[in-house]
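One letter stands for each residue in the lines below.
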Amino acid sequence: MNKYVLLFIFNIPFVLYGFTKTYIYWETKRAGRLGIFLRVIFWLVVLLGLIFASPIYNFLISNRITNSPALSLADVVLVTGVNFNLFIIVRLYGRVDKLETQFTKLVQKQAIEKSVTKINQYWF
Amino acid sequence: MVKTKKGKVAAPSIAIVIPAYNEASVIDKVLDDILSHTKLGKKTKVIVVNDGSSDATSSRVHARKKVICIDHIVNMGAGAATRTGLAAARELGCDYAITIDADGQHKVSDAFRLLKVAQKQNVDLLIGSRLQDREGMPKIKVVGNLFLNFVSYLLLGIVVSDSQSGLRICNRKALETISYYSNGYAFCSEMIWRAQNAGLVISEAPIAAIYTTYSKAKGQKNVAGFFAILSSLVKHRVSGLLNE
């Protein structure tokens, strides 16, 4: 099978996930117009990069911009692995960030509620 | 301001918010200066937010009857402590909140002078600027603060002379509107940015900066602190961009 087709097949799930998430963000109004626009542009660029990987490579080679060898099976596995790791890292980062926000709110709420007794004692 | 039955304007209720982390050696003096100040009215509430201190800060503040001590169970950062204090001021129904550093860097008289300015000019967020009158400020601090002002301008588009000042006055509208997320020192810039985005009136007034050997040693470690602020501002800016 053509290695560029393999590259496309292995990496298209990330693009589909990206577009799906963007749609969900738009539907639930979690992001505004600019945010949606930036997300769509990003995933479009990735999708076009996957679809036109071979023509892009041929263009770079014919114009002597690169002298890298053609895509190999190992390259496909490597790129897919890197993309998968990036995907995991970004998702984890988002979750950790959300947890930090929730934890901060929890500490704040607990601290204020604990001090209510003294506030009531001296001011009300 | 609320009009009483006799038609007189009632004095506004004020909260003085002091985020404190391991300030046992100076917190008593800071609180003495505040509580003995002639401008301290009956409706003024002094709120110390103990940010998970490992020294005697909490016990010293709890020993004072007229001071509210809110204890974070773990250290969260200056931004988180300030946010807790402002949230408490909001829940107490205060008309104004004044934030002051716990290391004695600010003059209490400056705080009340700025409060008058904020009331007179109807400013939502008034920042005490140490850089409008730099006398007594170490050069490294001046350079560092100017650089952070520049970074804040580049990333967030805010134009102030002292984006890192801890002496600020928020009115009721600002207390109810401003919502920031940074737990660390980046909250200084982020708070101004969020206020700007919310359409609040922001202004500055000069204040004196008191730098003792103790206060110079406190605050952020220069390089590590700068990178922590920078990464936090970049994160919030990108997040803001993607969620606009």
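Residues numbered from 1 in each chain as written. Chains lettered and ligands numbered in written order. Predicted model: local features only at pLDDT ≥ 70, side-chain atom pairs only at ≥ 80, totals over all residues. Heavy atoms only, no water.

**Comments concerning the overall build of chain B**
Keep this limit in mind: Put simply, DSSP H or I for four residues or longer makes a helix, DSSP E for two residues or longer makes a strand, and each gets a number counted from the N terminus. Contacts are assigned to residue pairs with any non-hydrogen atoms lying within 4.5 Å of each other. In this tally, Asp and Glu contribute negative charge and Lys and Arg positive charge; neither His nor the terminal groups of the chain are included. For this purpose, a charge sits on NZ of Lys, CZ of Arg, CG of Asp or CD of Glu.
Tallying secondary structure elements over chain B gives nine helices and nine strands in all. Its C-alpha atoms give chain B principal-axis dimensions of roughly 50 × 40 × 35 Å. Across chain B, contacts joining residues at least 24 apart in sequence account for 74% of those joining residues at least 6 apart. Across chain B, the centroid of the 32 positively charged side chains sits 6 Å from that of the 20 negatively charged ones.

**So, the packing of aromatic side chains**
The test is simple: Side-chain rings of Phe, Tyr and Trp (the six-membered ring for Trp) are treated as a pair once their centres are within 6.5 Å; stacked means planes under 30 degrees apart, edge-to-face means over 60, and tilted covers the remaining angles. Criterion for a charge above a ring: Lys NZ or Arg CZ within 6 Å of the ring centre, and within 35 degrees of the ring normal.
Under the counting rule described, the total for this entry stands at seven aromatic pairs over all chains. Between the aromatic rings of Phe42(A) and Trp43(A), the centroid separation amounts to 4.9 Å while the plane-to-plane angle is 75 degrees, which identifies the pairing as edge-to-face. Here Phe226(B) and Phe227(B) contribute two aromatic rings whose centre-to-centre distance is 5.4 Å and whose plane-to-plane angle is 70 degrees, an arrangement assigned as edge-to-face. Through a chain of ring-to-ring contacts, the aromatic side chains of Phe14(A), Tyr17(A) and Phe87(A) assemble into a single cluster. Taking the ring centre of Tyr25(A) as reference, the NZ or CZ of Arg30(A) above it sits at 4.4 Å.

**A word on helix α4 (residues 108–121) of chain B**
All names here are of chain B. Inclusion rule: Under the convention used throughout, the expected extent of a helix is 1.5 Å for every residue step, that is, one less than its residue count. A simple rule labels every residue: compare its accessible area, found with a 1.4 Å probe on the protein chains alone, to the largest value its type can have, and call it buried under 20%, exposed over 50%, or partly exposed in between.
Helix length check: α4 (14 residues) gives 20 Å between terminal C-alpha atoms against 20 Å at 1.5 Å per residue, within 8%. Among all positions of α4, only Val-108, Asp-110, Ala-111, Phe-112, Leu-114, Leu-115 and Ala-118 are buried. Looking at the residues trailing α4, positive phi occurs at Asn-122, about 55 degrees.

**Observations concerning helix α1 (residues 27–35) of chain B**
Residues and elements named next belong to chain B. The test is simple: As used here, the arc belongs to the directions running from the helix axis to the C-beta atoms.
All buried positions along α1 are accounted for by Ile-27, Val-30, Leu-31 and Ile-34. Projected onto a plane normal to the axis of α1, the buried residues spread over an arc of 95 degrees and lie on a single side. In this structure, the buried residues of α1 make contact with β3 (14–20), β4 (44–51), α2 (57–62), β5 (67–72) and α4.

**Section: the nonpolar core**
What tends to happen in soluble globular proteins is that the nonpolar side chains get buried as a cluster. For the record, the criterion: Residues belong to one nonpolar core when they are buried, are Ala, Val, Leu, Ile, Met, Phe, Trp, Tyr or Cys, and are joined through side-chain atoms within 4.5 Å.
Judged by nonpolar contacts, the single largest core of 39 residues is most densely connected at Ile47(B), Ile70(B), Leu86(B), Leu125(B), Cys170(B), Ile178(B) and Met191(B). With sequence-adjacent residues up to four places away left out, Ile70(B) is seen in contact with Ala111(A), Ile112(A), Ser115(A), Ile47(B), Val48(B), Val49(B), Asn50(B), Thr84(B) and Ala88(B).

**Quick notes on the confidence of the model for chain B**
In plain terms, the rule: Known as pLDDT, the predictor's confidence for each residue is given on a scale from 0 to 100.
The pLDDT averaged across chain B works out to 88; a share of 91% of its residues lies at or above 70. For this predicted complex, the interface confidence score (ipTM) comes to 0.79, while the overall pTM stands at 0.84.

**Notes on the confidence of the model for chain A**
Of all residues in chain A, 94% attain a pLDDT of 70 or more, and the chain-wide mean is 90. Per-element averaging of pLDDT across chain A places helix α4 (residues 73–123) of chain A at the bottom with 88 and helix α2 (residues 33–51) of chain A at the top with 94.

**Re the pattern of salt bridges**
Pairs can form between side chains of opposite charge whenever their charged atoms are close. Residue and element names in this part refer to chain B. Under the convention used in this document: A side-chain nitrogen of Lys or Arg and a carboxyl oxygen of Asp or Glu constitute a salt bridge if their distance falls within 4 Å.
In this structure the tally under the stated criterion is 10 salt bridges over all chains. Measuring nitrogen to oxygen at the nearest pair gives 2.8 Å for the salt bridge that ties Arg-64 to Asp-32. Taken as a pair, Arg-64 in the loop between α2 and β5 and Asp-32 in helix α1 lie far apart in primary sequence, 32 residues in all. Using a relative accessible area of 17% as the deciding quantity, one classes Arg-64 as buried. Taking the relative accessible area as the measure of exposure, Asp-32 reaches 38% and is therefore partly exposed. One salt-bridge network, in which partners are shared between bridges, spans Asp-28, Asp-32, Arg-60 and Arg-64.

**Details of a nonpolar patch on the surface**
Quick note on the threshold: The patches reported here contain residues having more than 30% relative accessible area and no salt bridge. Joining distances are 9 Å for like charges and 5 Å for nonpolar side chains (Val, Leu, Ile, Met, Phe, Trp, Tyr). For every accessible area listed, the method is Shrake-Rupley and the probe measures 1.4 Å; residues are considered covered only by the protein chains on display.
On the surface, Leu34(A), Phe37(A), Leu38(A), Ile41(A), Leu44(A), Val45(A) and Leu241(B) cluster together into a nonpolar patch covering about 550 Å² of accessible area. A per-element tally of the nonpolar patch places α2(A) first, with six residues.

**Points about the interface of chain A and chain B**
Note the following rule: Pairs of N or O atoms are called polar contacts if they sit within 3.5 Å, as long as, within protein, a hydrogen donor faces a hydrogen acceptor (for residues adjacent in sequence, only side-chain-to-side-chain pairs).
In this assembly, 24 residues from chain A lie in contact with 30 residues from chain B. At the boundary of chain A with chain B, the tally comes to one salt bridge. Of the charged contacts in the structure, one is a salt bridge between Lys235(B) and Asp97(A), with a shortest N-O distance of 2.6 Å. For the pair chain A and chain B, the interface holds three residue pairs in polar contact (both at pLDDT 80 or more). Elements with a minimum of two residues in the side of chain A that touches chain B: α2 and α4 of chain A. Among the elements that line the side of chain A that touches chain B, the one with the most residues is α4(A), at 15 residues.

**Brief notes about a positive patch on the surface**
On the surface, Arg30(A), Arg91(A), Arg95(A) and Lys98(A) cluster together into a patch of positive charge. The topology assignment puts Arg91(A) in helix α4.

**A few points about the packing of helix α1 (residues 3–27) of chain A against α2(A)**
Residue and element names in this part refer to chain A. The following threshold applies: Only the contacting stretch of a helix is used when fitting its axis, a line to C-alpha atoms as for every element, and angles between N-to-C directions run 0 to 180 degrees. Any angle that is under 35 degrees is reported as roughly parallel, and any over 145 degrees as roughly antiparallel; angles of 65 to 115 degrees are reported as roughly perpendicular and all others as oblique. In this scheme the crossing of two helices becomes right-handed for a clockwise turn of the near helix relative to the far one and left-handed for an anticlockwise turn of less than a right angle.
Where α1 meets α2, the closest approach of the two axes is 10 Å, and the angle between their N-to-C directions is 165 degrees. On the basis of the axis angle, α1 is roughly antiparallel to α2. The handedness of the crossing between α1 and α2 is left-handed. Touching Leu-7, Phe-8, Asn-11, Ile-12, Phe-14, Val-15, Gly-18, Phe-19, Thr-22, Tyr-25 and Trp-26 of α1 are Ile-36, Arg-39, Val-40, Trp-43, Leu-44, Val-46, Leu-47, Leu-50 and Ile-51, all from α2.

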